[in-house]
Amino acid sequence: VGVRFTALDALISLKVAQTSSLLGRMKWKRRGLKSMKLLRSWAKKGNVNVVHSIHVLSAELAVLEGKGKKAEENFKLAVKVAARNGFLQDKALAHECAKTYYSAKGDNFWADFH
(Lines give C-alpha, C1' and ligand atoms only; values in the text may rest on other atoms or scores of the structure.)
Protein backbone atom coordinates (compact mmCIF):
# COMPACT_ATOMS: atom_id res chain seq x y z
CA VAL A 1 0.00 0.00 0.00
CA GLY A 2 1.39 3.40 -0.96
CA VAL A 3 1.67 6.55 1.08
CA ARG A 4 -0.64 8.56 -1.14
CA PHE A 5 -3.33 5.88 -1.19
CA THR A 6 -3.19 5.47 2.58
CA ALA A 7 -3.47 9.22 3.22
CA LEU A 8 -6.37 9.64 0.81
CA ASP A 9 -8.12 6.53 2.14
CA ALA A 10 -7.94 7.99 5.65
CA LEU A 11 -9.14 11.40 4.47
CA ILE A 12 -12.10 9.96 2.58
CA SER A 13 -13.00 7.74 5.54
CA LEU A 14 -12.98 10.66 7.99
CA LYS A 15 -14.96 12.91 5.64
CA VAL A 16 -17.61 10.20 5.11
CA ALA A 17 -17.76 9.63 8.88
CA GLN A 18 -18.60 13.31 9.38
CA THR A 19 -21.84 12.92 7.41
CA SER A 20 -22.81 9.37 8.40
CA SER A 21 -25.28 7.97 10.90
CA LEU A 22 -23.93 6.81 14.24
CA LEU A 23 -23.21 3.26 13.07
CA GLY A 24 -21.64 4.44 9.83
CA ARG A 25 -19.67 7.08 11.69
CA MET A 26 -18.03 4.47 13.91
CA LYS A 27 -17.22 2.23 10.93
CA TRP A 28 -15.65 5.00 8.84
CA LYS A 29 -13.83 6.54 11.80
CA ARG A 30 -12.28 3.17 12.62
CA ARG A 31 -11.11 2.79 9.01
CA GLY A 32 -9.65 6.30 9.03
CA LEU A 33 -7.85 5.69 12.32
CA LYS A 34 -6.35 2.47 10.95
CA SER A 35 -4.83 4.34 8.01
CA MET A 36 -3.66 7.17 10.29
CA LYS A 37 -1.90 4.61 12.49
CA LEU A 38 -0.02 3.30 9.45
CA LEU A 39 0.99 6.82 8.41
CA ARG A 40 2.21 7.59 11.94
CA SER A 41 4.31 4.42 11.94
CA TRP A 42 5.95 5.55 8.70
CA ALA A 43 6.64 8.98 10.22
CA LYS A 44 8.24 7.34 13.28
CA LYS A 45 10.50 5.37 10.95
CA GLY A 46 11.75 8.63 9.48
CA ASN A 47 9.42 9.33 6.55
CA VAL A 48 8.96 13.07 6.97
CA ASN A 49 6.95 13.23 3.75
CA VAL A 50 3.80 12.13 5.59
CA VAL A 51 3.81 14.71 8.38
CA HIS A 52 1.60 17.22 6.56
CA SER A 53 -0.88 14.45 5.75
CA ILE A 54 -1.02 13.48 9.42
CA HIS A 55 -1.86 17.10 10.29
CA VAL A 56 -4.72 17.22 7.75
CA LEU A 57 -6.06 13.93 9.07
CA SER A 58 -5.72 15.04 12.69
CA ALA A 59 -7.69 18.17 11.80
CA GLU A 60 -10.46 16.16 10.14
CA LEU A 61 -10.57 13.78 13.10
CA ALA A 62 -10.90 16.79 15.42
CA VAL A 63 -13.78 18.09 13.27
CA LEU A 64 -15.48 14.70 13.58
CA GLU A 65 -15.03 14.77 17.36
CA GLY A 66 -16.20 18.38 17.72
CA LYS A 67 -12.80 19.74 18.77
CA GLY A 68 -12.72 23.01 16.84
CA LYS A 69 -9.54 24.56 18.21
CA LYS A 70 -7.56 21.38 17.61
CA ALA A 71 -8.92 21.22 14.06
CA GLU A 72 -7.91 24.81 13.35
CA GLU A 73 -4.39 24.30 14.73
CA ASN A 74 -3.88 21.18 12.64
CA PHE A 75 -5.20 22.78 9.45
CA LYS A 76 -2.69 25.63 9.93
CA LEU A 77 0.14 23.17 10.56
CA ALA A 78 -0.83 21.09 7.52
CA VAL A 79 -0.67 24.12 5.22
CA LYS A 80 2.62 25.29 6.73
CA VAL A 81 4.39 21.91 6.65
CA ALA A 82 3.17 21.04 3.15
CA ALA A 83 4.39 24.41 1.83
CA ARG A 84 7.74 24.16 3.61
CA ASN A 85 8.37 20.68 2.20
CA GLY A 86 7.26 21.54 -1.33
CA PHE A 87 4.03 19.53 -1.47
CA LEU A 88 1.97 22.17 -3.25
CA GLN A 89 -0.87 19.79 -4.14
CA ASP A 90 -1.18 18.82 -0.48
CA LYS A 91 -1.01 22.46 0.59
CA ALA A 92 -3.97 23.08 -1.73
CA LEU A 93 -5.80 20.07 -0.29
CA ALA A 94 -5.22 21.33 3.26
CA HIS A 95 -6.57 24.76 2.27
CA GLU A 96 -9.62 23.13 0.67
CA CYS A 97 -10.35 21.05 3.77
CA ALA A 98 -9.93 24.11 5.99
CA LYS A 99 -12.23 26.14 3.74
CA THR A 100 -14.91 23.46 4.00
CA TYR A 101 -14.56 23.42 7.79
CA TYR A 102 -14.77 27.20 8.17
CA SER A 103 -17.68 27.46 5.70
CA ALA A 104 -19.67 24.86 7.64
CA LYS A 105 -18.94 26.82 10.80
CA GLY A 106 -20.19 30.03 9.20
CA ASP A 107 -16.82 31.79 9.44
CA ASN A 108 -16.68 33.45 6.03
CA PHE A 109 -13.51 35.43 6.79
CA TRP A 110 -11.37 32.31 7.29
CA ALA A 111 -13.26 30.35 4.62
CA ASP A 112 -12.36 33.06 2.08
CA PHE A 113 -8.77 33.10 3.34
CA HIS A 114 -8.40 29.43 2.52
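Our structure's up above, just so we're on the same page.
Since this is a predicted model, take the numbers as computed values, not measurements. (Residues numbered from 1 in each chain as written. Predicted model: local features only at pLDDT ≥ 70, side-chain atom pairs only at ≥ 80, totals over all residues. Heavy atoms only, no water.)

A. How the structure looks around the packing of aromatic side chains. Applying the stated criterion to the full structure yields five aromatic pairs. When the centroid spacing of 5.0 Å and the interplanar angle of 65° are considered together, the rings of Tyr101 and Tyr102 count as edge-to-face. Each member of the pair, Tyr101 as well as Tyr102, carries the same accessibility label: buried. Relative to Trp110, the ring of Phe109 lies with its centre 5.1 Å away and its plane at 85°, an arrangement referred to as edge-to-face. Assessed through its relative accessible area of 30%, Trp110 is described here as partly exposed. Site record: aromatic cluster; members linked through ring pairs are Phe75, Tyr101, Tyr102, Phe109, Trp110 and Phe113. Taking NZ or CZ as reference, Lys76 lies 5.7 Å from the ring centre of Trp110, over its face. (Phe/Tyr/Trp six-rings, centres within 6.5 Å; stacked < 30°, edge-to-face > 60°. Buried < 20%, exposed > 50% of the residue type's maximum accessible area, 1.4 Å probe, protein only. Lys NZ or Arg CZ within 6 Å of the ring centre and 35° of its normal.)

B. Spotlight on the packing of helix H1 (residues 3–18) against helix H3 (residues 51–64). Taken N-terminus to C-terminus, the directions of H1 and H3 make an angle of 15°; their axes are 9 Å apart at the nearest point. Relative to H3, the element H1 lies roughly parallel. The interaxial crossing formed by H1 with H3 has left-handed handedness. Taken together, the residues of H3 that come into contact with H1 (itself represented by Ala7, Ala10, Leu11, Leu14, Lys15, Ala17 and Gln18) are Ser53, Val56, Leu57, Glu60, Leu61, Val63 and Leu64. Taken together, the residues of the contact of H1 with H3 sort by class into 10 nonpolar, two polar and two charged. (Axes fitted to C-alpha atoms, helices over the stretch in contact; angles between N-to-C directions. Helix = DSSP H or I, 4+ residues; strand = E, 2+ residues; numbered from the N terminus. Parallel < 35°, antiparallel > 145°, perpendicular 65-115°, else oblique. Left-handed = near helix turned anticlockwise from the far one by under 90°. Contact = heavy atoms within 4.5 Å. Nonpolar A, V, L, I, M, F, W, Y, C, P; charged D, E, K, R; others polar.)

C. Structural context of a nonpolar patch on the surface. A cluster of nonpolar side chains, namely Val1, Phe5 and Leu38, defines an oily patch on the protein surface of about 330 Å² accessible area. On the secondary structure map, Val1 appears in the segment before H1. (Patch = residues over 30% accessible without salt bridge, like charges linked within 9 Å, V, L, I, M, F, W, Y side chains within 5 Å. Areas by Shrake-Rupley, 256 points an atom, 1.4 Å probe, with all protein chains shown as cover. Salt bridge = Lys/Arg side-chain N within 4 Å of Asp/Glu carboxyl O.)

D. Spotlight on the nonpolar core. In this structure, Leu14, Met36, Leu39, Val56, Leu57 and Phe75 are the most contacted members of the largest nonpolar core, which totals 26 residues. Those elements giving two or more residues to this core turn out to be H1, helix H2 (22–44), H3, helix H4 (68–84) and helix H5 (88–105). When neighbours within four sequence positions are excluded, Leu39 is seen to be in contact with Val3, Thr6, Ala7, Val50, Ile54 and Leu57. (Core = buried A, V, L, I, M, F, W, Y, C linked by side-chain atoms within 4.5 Å.)

E. Just H5, in detail. For H5, which comprises 18 residues, the first-to-last C-alpha distance of 26 Å matches the rise-based estimate of 26 Å (1.5 Å per residue) to within 8%. Among all positions in H5, only Asp90, Ala94, His95, Cys97, Ala98, Tyr101 and Tyr102 are buried. Along H5, the residues classed as buried sweep out an arc of 165° about the axis, all on the same side. Facing away from the buried side of H5, by more than 90 degrees, are the exposed residues Leu88 and Ala104. (Expected span 1.5 Å × (residues − 1). Arc of directions from axis to C-beta.)

F. Fine view of the pattern of salt bridges. A complete count under the given rule lists six salt bridges for this structure. Lys15 is the partner of Glu60 in a salt bridge, and the nearest nitrogen-oxygen pair spans 3.5 Å. Of this pair, Glu60 sits in helix H3 while Lys15 sits in helix H1, and the two are 45 residues apart along the sequence. In this structure Glu60 comes out as buried when scored by relative accessible area, which is 1%.

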